[in-house]
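# Commentary on secondary and tertiary structure
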Amino acid sequence: MFGKFSFKGGVHPSHCKDQTASLNIETLPAPEKVIIPLSQHIGAPAKIAVKRDDMVKIGQVLGEAGGFVSAPVHASVSGKVVSVGPFAHPLGKQVTAVEIENDGNDDTVEFTPLPTPWREAAPQEIVQKISAAGIVGMGGASFPTHVKLSPPSNKPIDTVIINGAECEPYLTADHRLMLEKTEEMLCGAMIIKKILGASKIWIGIEENKPDAIAVISEKIAQDKFKEISLAKLKAKYPQGGEKQLINAVTKRQVPSGGLPMDCGCVVQNIGTAYTIWDAVCNGKPLYQRVVTVTGSTIRKPANLLVRIGTPIKTLLEHCDIDYDSTQKVIMGGPMMGLAQSDFTAPVIKSTSGILGYKTLTTGVREYDCISCGNCVKACPIHLVPSYLAKYVQKGLYEDAMTWNILDCMECGSCAYACPSKINLVHYMKVGKFHAMGIKKEKEKK
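This text gives an overview of the structure that appears in the document. The structure presented is a predicted model; accordingly, all values stated were derived computationally and were not measured.

What counts and how
- Residues numbered from 1 in each chain as written.
- Predicted model: local features only at pLDDT ≥ 70, side-chain atom pairs only at ≥ 80, totals over all residues.
- Heavy atoms only, no water.
- Helix = DSSP H or I, 4+ residues; strand = E, 2+ residues; numbered from the N terminus.
- Rg over C-alpha atoms; globule rule 2.2 N^0.38 Å.
- Buried < 20%, exposed > 50% of the residue type's maximum accessible area, 1.4 Å probe, protein only.
- Contact = heavy atoms within 4.5 Å.
- Areas by Shrake-Rupley, 256 points an atom, 1.4 Å probe, with all protein chains shown as cover.
- Lys, Arg positive; Asp, Glu negative; His and termini not counted.
- Charge placed at Lys NZ, Arg CZ, Asp CG, Glu CD.
- Pairing = 2+ DSSP bridges.
- Patch = residues over 30% accessible without salt bridge, like charges linked within 9 Å, V, L, I, M, F, W, Y side chains within 5 Å.
- Salt bridge = Lys/Arg side-chain N within 4 Å of Asp/Glu carboxyl O.
- Arc of directions from axis to C-beta.
- Core = buried A, V, L, I, M, F, W, Y, C linked by side-chain atoms within 4.5 Å.
- Axes fitted to C-alpha atoms, helices over the stretch in contact; angles between N-to-C directions.
- Parallel < 35°, antiparallel > 145°, perpendicular 65-115°, else oblique.
- Nonpolar A, V, L, I, M, F, W, Y, C, P; charged D, E, K, R; others polar.
- Phe/Tyr/Trp six-rings, centres within 6.5 Å; stacked < 30°, edge-to-face > 60°.
- Lys NZ or Arg CZ within 6 Å of the ring centre and 35° of its normal.

What follows deals with the overall build of the protein. Within the protein, the secondary structure is distributed over 13 helices and 17 strands. Relative to the compact-globule value of 22 Å for 445 residues, the protein shows a C-alpha radius of gyration of 22 Å, a close match. Counting only C-alpha atoms and orienting by the principal axes, one finds that the protein spans roughly 60 × 55 × 50 Å. In the protein, which comprises 445 residues, the share counted as buried stands at 53%. Considering only contacts in the protein between residues 6 or more positions apart, those separated by 24 or more positions represent 72%. For the protein, the computed accessible surface area is about 19500 Å², with 51% contributed by carbon and sulfur atoms. The protein carries 50 positive and 43 negative side-chain charges, and their two centres are separated by 6 Å.

Following this line, the structure appears as structure tokens:
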């Protein structure tokens with residue numbers, strides 16, 4: 001039944017997906033140069049494994065994992081390493097990256113699939129393959145996937161949820177993967193279930209993607225995919241948040257300060273499931289991904305299969321951006337994405353979309369809080385954003401901590417719903433920054 005699976009809170013921004021929802025994934029030609037950052041994930045940056053003038057092949061390791069919570073990075077083109085140094089990063093800072101001049105040959109290392117069929121392989125053997133492939137969460141969080149797939153023994157996982165909500169407006173990369181790589185993605189979901197020893201797999205899809213729901217419903221009716229169930233989600237934002245998705249599908253609550261594994265669940269993105277299949281069954285590391293390029297100043301919107309390290313500028317110009325009328329470019333979705341000022345910054349593993357906008361939201365006058373409660377109703381974590389903002393304004397960070405400011409996921413629902421135009425997300429970010437500092441100091445004592 002449509003709309004049966006939902007959560008309390010959230011907002012309803014326009015979907016704005018019509019420009020690209022029906023467009024097949026097309027392959028973007030590899031650029032002349034790629035810039036591949038060593039930091040594309042949560043955790044320690046990768047440790048450099050190549051030097052200037054080295055010749056590399058597609059899939060070759062450029063940087064090895066810098067710790068358990070880290071991931072290796074791989075070459076996305078074949079050619080010559082022309083420099084290793086600081087380059088612009090989508091997060092708005094300079095990070096160490098490897099610049100490769102593409103020789104156009106597309107030479108690859110030998111891709112080696114898992115030596116035994118995944119159904120017969122030991123879970124740890126599969127996890128090692130996923131770790132070596134450099135796979136991270138591709139829905140935006142970029143958490144190393146092998147860590148998620150290695151829960152401690154005292155936290156058994158009984159439920160795997162594959163996140164096909166794609167609730168951010170404009171984005172359709174996951175939608176197209178569900179339509180065009182259905183069996184591969186479903187196989188990836190079953191590999192995840194096998195690793196975790198879970199008893200249940202759900203795929204959650206918002207009701208505004210009826211074609212994806214139809215295709216997957218047909219597939220999971222087949223005997224080989226009988227372990228998978230479909231959750232038709234109510235279309236609202238942030239339905240794709242891990243905690244919201246778990247609550248919508250299972251009615252379980254992730255505890256404050258906890259992780260999905262604390263309630264027996266692991267959530268993986270559609271693109272991550274597909275990439276797991278590609279690594280396990282074809283031996284391919286994560287060196288390319290699907291990116292939606294769209295927005296009011298993009299003349300030829302598209303869903304592109306893009307080599308990691310491709311400059312944003314290459315995607316924008318391939319899709320015929322109107323630079324004269326463009327006021328803002330965002331990497332990711334409009335609710336949680338990041339505005340970009342340097343278009344030489346590259347596509348990274350977590351880049352789901354590039355959006356071009358004609359209009360710029362100018363600074364608006366911020367009015368006093370009228371205590372309407374809209375932010376409280378909208379908050380999917382059930383926080384009280386108006387109170388938290390006041391604590392932060394007064395520097396009362398420990399009080400904000402007692403009101404669970406560290407649970408804020410910065411989804412922007414509170415600011416979207418606020419009639420006084422208070423930039424609540426700003427206060428949440430500032431408050432979390434100071435709260436983390438206080439927490440670390442207490443942990444040292």
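There is more to say after this.
Turning our eyes to something else, we now look at the sheet that holds strand β6 (residues 73-74). A sheet is described by the order of its strands in space; here 3 strands give the open sequence β3-β5-β6, paired in antiparallel fashion. In this open sheet, the two strands that pair with only one neighbour each are β3 (47-48) and β6. Of the strand pairs in this sheet, β3 and strand β5 (residues 61-64) are connected by 2 bridges, and their pairing is antiparallel. Residue pairing in the sheet places Ile48 in a bridge with Gly63 of β5.

The next thing to look at is a nonpolar patch on the surface. Side chains of Ile42, Phe68 and Val69 sit close together on the surface and give an oily, nonpolar patch of about 260 Å² of accessible area. Tracing the sequence through the fold places Phe68 in the loop between β5 and β6. Exposure remark for Phe68: the relative accessible area of 52% places this residue in the exposed category.

Let us look at helix α5 (residues 210-220). Where α5 is concerned, the buried positions are Ala212, Ile213, Ile216 and Ile220. Summarising the axial view, the buried residues of α5 lie within an arc of 100 degrees, below the 170-degree limit, and thus occupy one face. When the buried face of α5 is taken as reference, the exposed residues oriented beyond 90 degrees from it are Pro210 and Glu218. Against the buried residues of α5 lie α3 (173-180), α4 (182-196), β10 (200-206) and β11 (228-233).

When strand β4 (residues 55-56) meets strand β7 (residues 79-88), the two strands line up antiparallel, connected through 2 bridges. Considered in β7, the bridge of Met55 is made with Lys80. Looking at chain direction, β7 and strand β8 (residues 94-102) are connected through 9 bridges and run antiparallel. Following the sheet pairing, Gly79 is matched in β8 by Asn102.

A separate point is the sheet that holds β8. Strand order in the open sheet formed by 4 strands is β2-β8-β7-β4, and the pairing between neighbours is antiparallel. This sheet does not close on itself; its edge strands, each paired only once, are β2 (33-37) and β4.

Residue Pro238 is reached from Tyr237 by a cis peptide bond, and omega for that bond is 0 degrees. If you check the backbone angles, Cys16 has positive phi at about 55 degrees while not being a glycine. Relative to the assigned elements, Cys16 resides in the segment before β1 (25-27). For Cys16, a relative accessible area of 36% puts it in the partly exposed group. Positive phi is not limited to glycine here, since Asp106 has a value of about 55 degrees. By the element assignment, Asp106 lies in the loop between β8 and α1 (123-132). Under the relative-accessibility criterion, Asp106 is labelled partly exposed at 36%.

The subject of this paragraph is the nonpolar core. Judged by nonpolar contacts, the single largest core of 47 residues is most densely connected at Ile126, Ile162 and Met185. Sorting the residues of this core by element identifies α1, β9 (159-164), α3, α4, β10, α5, β11 and α7 (270-282) as the ones contributing at least two each. No other element matches α4, which puts 9 residues into this core. If near-sequence neighbours (up to four positions away) are discounted, Ile162 is found in contact with Met185, Ala189, Ile192, Ile201, Trp202, Ile203, Gly204, Gln268, Asn269, Ile270 and Ala273. By size, the runner-up hydrophobic cluster in this structure holds 19 residues, among which are Leu388, Ile405, Ile422 and Ala435.

The next subject is the packing of α3 against α7. With their axes 9 Å apart at the nearest point, α3 and α7 run at an angle of 45 degrees to one another. In this view, α3 runs oblique relative to α7, as classed from their interaxial angle. Residues Asp174, Leu177 and Met178 of α3 touch α7, and the partners they reach there are Ile270, Gly271 and Tyr274. Along the lines of polarity and charge, the residues of the contact of α3 with α7 split into 4 nonpolar, 1 polar and 1 charged.

Moving on to the packing of aromatic side chains. Across all of its chains, the model carries 7 aromatic pairs by this definition. Aromatic pair Tyr387 and Trp403: ring centres 5.2 Å apart, planes at 45 degrees, arrangement tilted. A residue pair is termed long-range when its members are at least 10 positions apart, and Tyr387 in helix α10 (residues 385-393) and Trp403 in the loop between α11 (397-402) and α12 (413-417) qualify at 16 residues. Here Trp403 falls in the partly exposed class, since its relative accessible area comes to 34%. The structure contains a cluster of three or more aromatic residues connected by ring pairs, namely Tyr387, Tyr391 and Trp403. In this arrangement the basic side chain of Lys200 is found over the ring face of Trp202, its NZ or CZ atom lying 5.0 Å from the centre.

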